[in-house]
Amino acid sequence: MSSATFSADWLGLREPFDAAARSRAAARLQLDARLAALRPATGTPWRVIDLACGTGANQRWLSPRLPGPQQWLMVDHDDALLRRIPEPGEGVDVVRQRLDLMASLETLPWHAAHLVTASALLDLVGEAWLHRLVAACARHRVALLMSLSVDGRHRWTPEAPGDGEVGLLFAAHQRRDKGLGAALGAKAVATLLPALRHAGYQVRQARSDWMVDGRRHTTDRHLMGSLIDGMADAAVEQAPERTDALRGWQSRRGELVAQTRLRVGHVDVLAWPG
Ligand SMILES: C[S@@+](CC[C@H](N)C(=O)[O-])C[C@H]1O[C@@H](n2cnc3c(N)ncnc32)[C@H](O)[C@@H]1O
């Protein structure tokens with residue numbers, strides 16, 4: 001088991017693609033209307049817990065959509081990332097808390113929260129942890145917004161030899177234990193939904209795919225290059241005997257970046273007590 005670490009550079013690279021994907025999903029989730037319906041009583045600020053907040057991308061995207069004043073509890077085990085969360089805008093208070101979600105999930109102030117949210121977390125967690133999350137939310141009837149969970153789809157246009165093999169090895173690598181149990185990877189949302197329904201939640205889901213177009217902009221090319229390198233490294237770790245072939249795929253894919261489109265499948269889930 002190795003604890004998951006994420007660089008602030010990587011989180012910054014993905015943030016605009018996350019934001020665009022979430023905005024498309026928000027319309028399909030009817031997120032604004034649902035958040036308005038969940039709004040706390042007049043005079044009470046939203047109390048939101050952001051699990052595995054990194055540098056705060058989730059709060060930056062979601063705060064403008066929450067009507068009224070807000071208090072955010074931003075939780076991560078990586079102090080360096082927590083320190084990079086910028087001061088929020090008017091009407092939003094942020095408290096940063098360093099915490100290992102495996103050891104201490106239940107110690108969070110669930111009783112006081114109106115909304116628990118996370119982005120790009122669920123595919124890292126194991127099944128038992130997911131059930132602990134649902135139990136903690138259900139006990140206090142807290143709404144959930146879980147964004148940007150990968151669902152295993154990678155569509156390269158044009159395709160290239162090796163895409164399939166790398167995709168399978170990458171998916172296997174994703175299921176390794178990252179400190180929160182054997183990771184569910186692409187199965188995270190399919191595991192979460194029935195658990196939420198069983199706990200009495202109403203559930204909506206919508207695709208929040210990354211659309212990366214190497215023909216478009218340098219930011220697309222940077223993200224795609226970083227994804228190719230990350231996928232190749234993971235695949236090599238998973239199948240070291242295939243190193244030459246996998247490094248071949250990496251360099252072929254790298255040369256094609258400026259003419260390639262890549263769609264990476266993600267799903268957003270919104271749930272509230274029925
Ligand atoms: C993919 S990043 C997502 C960060 C942020 N939510 C975003 O969307 O930019 C996953 C985050 O999970 C955090 N993390 C991983 N394991 C954790 C654990 N056991 N306890 C708390 N945070 C953890 C990492 O430090 C990292 O910030």
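Q: Where do I start with the site of the ligand in this structure?
A: Around the ligand, 21 residues are found, and the nearest of them are Ala52, Gly54, His77, Leu101 and Ser119. Put simply, the parts of the chain that give the shell around the ligand at least two residues each are helix 3 (57-62) and helix 5 (101-104). Partitioning the shell around the ligand into residue classes produces 13 nonpolar, five polar and three charged.

Q: Help me understand unusual backbone geometry, please; the structure alone is not making it clear to me.
A: For residues besides glycine, phi is generally negative; the peptide bonds are generally trans as well. In this model, Thr157 is joined to Pro158 through a cis peptide bond whose omega is 0°. Positionally, Pro158 belongs in the loop between strand 5 (143-157) and helix 7 (163-174). At Gln30, a position not held by glycine, the phi torsion is positive, near 50°. Mapped onto the secondary structure, Gln30 falls in the loop between helix 1 (8-29) and helix 2 (31-38). The partly exposed category is assigned to Gln30, around which 14 C-beta atoms lie within 10 Å. For Arg141, which is not glycine, the phi torsion reads 50° and is therefore positive. Mapping Arg141 onto the fold places it in the loop between helix 6 (127-139) and strand 5.

Q: Could you clarify how one ought to interpret the packing of helix 7 against helix 9 (residues 218-238) in this entry?
A: Two packed helices can be described by the angle between their axes and the distance between those axes. Put simply, helix 7 and helix 9 touch, their axes get as near as 8 Å, and they point 75° apart. Here helix 7 lies roughly perpendicular to helix 9, going by the angle between them. Facing Val166, Leu169, Phe170, Ala172 and His173 of helix 7, the residues of helix 9 in contact are Met231, Ala232, Ala234, Ala235, Glu237 and Gln238. For the contact of helix 7 with helix 9, the per-class residue count stands at eight nonpolar, two polar and one charged.

Cut-off values and rules
- Residues numbered from 1 in each chain as written.
- Predicted model: local features only at pLDDT ≥ 70, side-chain atom pairs only at ≥ 80, totals over all residues.
- Near = placed C-beta within 6 Å.
- Helix = DSSP H or I, 4+ residues; strand = E, 2+ residues; numbered from the N terminus.
- Nonpolar A, V, L, I, M, F, W, Y, C, P; charged D, E, K, R; others polar.
- Buried ≥ 20, exposed ≤ 12 C-beta atoms within 10 Å, placed from the backbone.
- Axes fitted to C-alpha atoms, helices over the stretch in contact; angles between N-to-C directions.
- Parallel < 35°, antiparallel > 145°, perpendicular 65-115°, else oblique.
- Contact = placed C-beta atoms within 7 Å.

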